[in-house]
Amino acid sequence: MAIRDLLWACPFCRAEDAIRTEGRGEVCKRCGARFRRGAGAEIEARPVGGQPVRRHAAEWAAELPPVRLPDETEAGPDEREYRRTAAVARFVVGLAPVHARGRYLGRVERLGPAVQGTLVLTSRALTFAPGEGQAHRWPLEAVAAVQPSSSGLQLRMRGGPVVLFRFPDASVRLWEETIQAALRRLYRRAGWGEIVEFQPRISVR
């Protein structure tokens, strides 16, 4: 997992999605702070003109503000864009058997080819527009599960596909939390309850 996947905002200037890979480390494109992995689960950060600071990754993450969506009164009745980024999508196309030493262990999801495009989250839907071909649009209520991995975000759609998204220039964690925030807002507004978990499927209380 890249540092930017954990630190979706710079802990010094709070700029969202500003940390990018540069050389053997990562750098905030707004304030110039540099980050690199330390021993174990530590991250070393060096703000411009300051001394290096080493902390456990969880300590850095705990300092970040919660992901916030625009106020509902600001969004109004029209569809409002929350976030967009370049993304690589792989759709689950079936299940493949798994064997070990001649024994059948079960089945795993088989992914199709990687497709490059743009992922857009709005107040009503999630849309993936590939470089070529027709866009895929899923209403937010169709999202049945949100499951992150070390390098991507897997979404399961009701009555539709399972899709794995990877983000060349964006934070997996930021996208996970933004989609979760949008779903929580939708469920509250619709009176469907409070979401308590997002995997293996969305559950409410």
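Predicted model, so just to flag it, every value in this text is computed and none were measured.

Side note on unusual backbone geometry
Then, number 1: P200 follows Q199 through a cis peptide bond whose omega is 0°.
Then, number 2: Position of P200 relative to the elements: it lies in the loop between strand 14 (195–197) and strand 15 (203–204).
Then, number 3: Look at D17: it is not a glycine, yet its phi comes out positive at around 55°.
Then, number 4: Of note, the phi angle at R101 is positive, near 55°, even though the residue is not glycine.
Then, number 5: If you trace the backbone, R101 turns up in the loop between strand 6 (81–100) and strand 7 (103–111).
Then, number 6: The exposure class assigned to R101 is exposed, which follows from its relative accessible area of 89%.

Quick look at the environment of A89
Then, number 1: As for its placement among the helices and strands, A89 is situated in strand 6.
Then, number 2: For the pair A89 and A181, spaced 92 residues apart in sequence, the C-alpha to C-alpha distance is 22 Å.
Then, number 3: Look past the residues within four positions of A89 in its chain and what remains in contact with it is P113, A114, V115, F128, V163, L164 and F165.

Considerations on the nonpolar core
General note: in soluble globular proteins, nonpolar side chains tend to be found buried as a group.
Then, number 1: L126, F165, F167, W175, I179 and L183 are the most contacted members of the largest nonpolar core, which has 31 residues in total.
Then, number 2: For this core, the secondary structure elements donating two or more residues are strand 6, strand 8 (115–122), strand 9 (125–130), strand 11 (143–148), strand 12 (153–157), strand 13 (162–166) and helix 4 (172–190).
Then, number 3: The greatest single-element share of this core, amounting to eight residues, is contributed by helix 4.
Then, number 4: In contact with W175, not counting residues within four places along its chain, are R83, R84, T85, L119, V120, L121, L126, L153, F167 and A170.
Then, number 5: By size, the runner-up hydrophobic cluster in this structure holds 20 residues, among which are L7, A15, A45 and L174.

Re the side chain of R4
Then, number 1: By the element assignment, R4 lies in helix 1 (residues 3–6).
Then, number 2: The buried charged residue R4 lacks any salt bridge partner; its closest oppositely charged side chain belongs to D5, at an N-O distance of 4.3 Å.
Then, number 3: Apart from residues no more than four positions distant in its own chain, R4 is found in contact with I19, T21, E26, F167, P168, D169, A170 and S171.

Quick notes on the pattern of salt bridges
Then, number 1: Applying the stated criterion to the full structure yields eleven salt bridges.
Then, number 2: Across the pair E63 and R55 runs a salt bridge, and its minimum N-O distance is 2.2 Å.
Then, number 3: Exposure remark for E63: the relative accessible area of 33% places this residue in the partly exposed category.
Then, number 4: Owing to a relative accessible area of 27%, R55 belongs among the partly exposed residues under this scheme.
Then, number 5: For E194, the salt bridge is made with R188, and the minimal N-O distance between the two is 2.7 Å.
Then, number 6: The exposure class of E194 is partly exposed, given its relative accessible area of 24%.
Then, number 7: We classify R188 as partly exposed; its relative accessible area is 49%.
Then, number 8: Residues participating in the shared-partner salt-bridge network are R36, E42, E44 and R54.

Thresholds, definitions, all that
Every residue gets a number counted from 1 within its own chain, in the order that chain's sequence is written. Only residues with pLDDT of at least 70 are given local features in this predicted model, and only at 80 or more are side-chain atom pairs given and counted; all residues enter the totals for whole chains, interfaces and linings. Only heavy atoms go into the side-chain values, all of them from the structure, while hydrogens and water stay out. Going along the chain from the N terminus, every DSSP run of H or I of four or more residues is numbered as a helix, and every run of E of two or more is numbered as a strand. Per-residue accessibility, obtained with a 1.4 Å probe over protein chains only, is compared with the maximum for each type, and a residue is labelled buried under 20%, exposed over 50%, and partly exposed between these values. Contact between two residues is taken to exist if any of their heavy atoms lie within 4.5 Å; hydrogens are not considered. Residues belong to one nonpolar core when they are buried, are Ala, Val, Leu, Ile, Met, Phe, Trp, Tyr or Cys, and are joined through side-chain atoms within 4.5 Å. Here Asp and Glu are counted as negative and Lys and Arg as positive; His is not counted, and neither are the chain ends. Any Lys or Arg side-chain nitrogen found within 4 Å of a carboxyl oxygen on Asp or Glu counts as a salt bridge.

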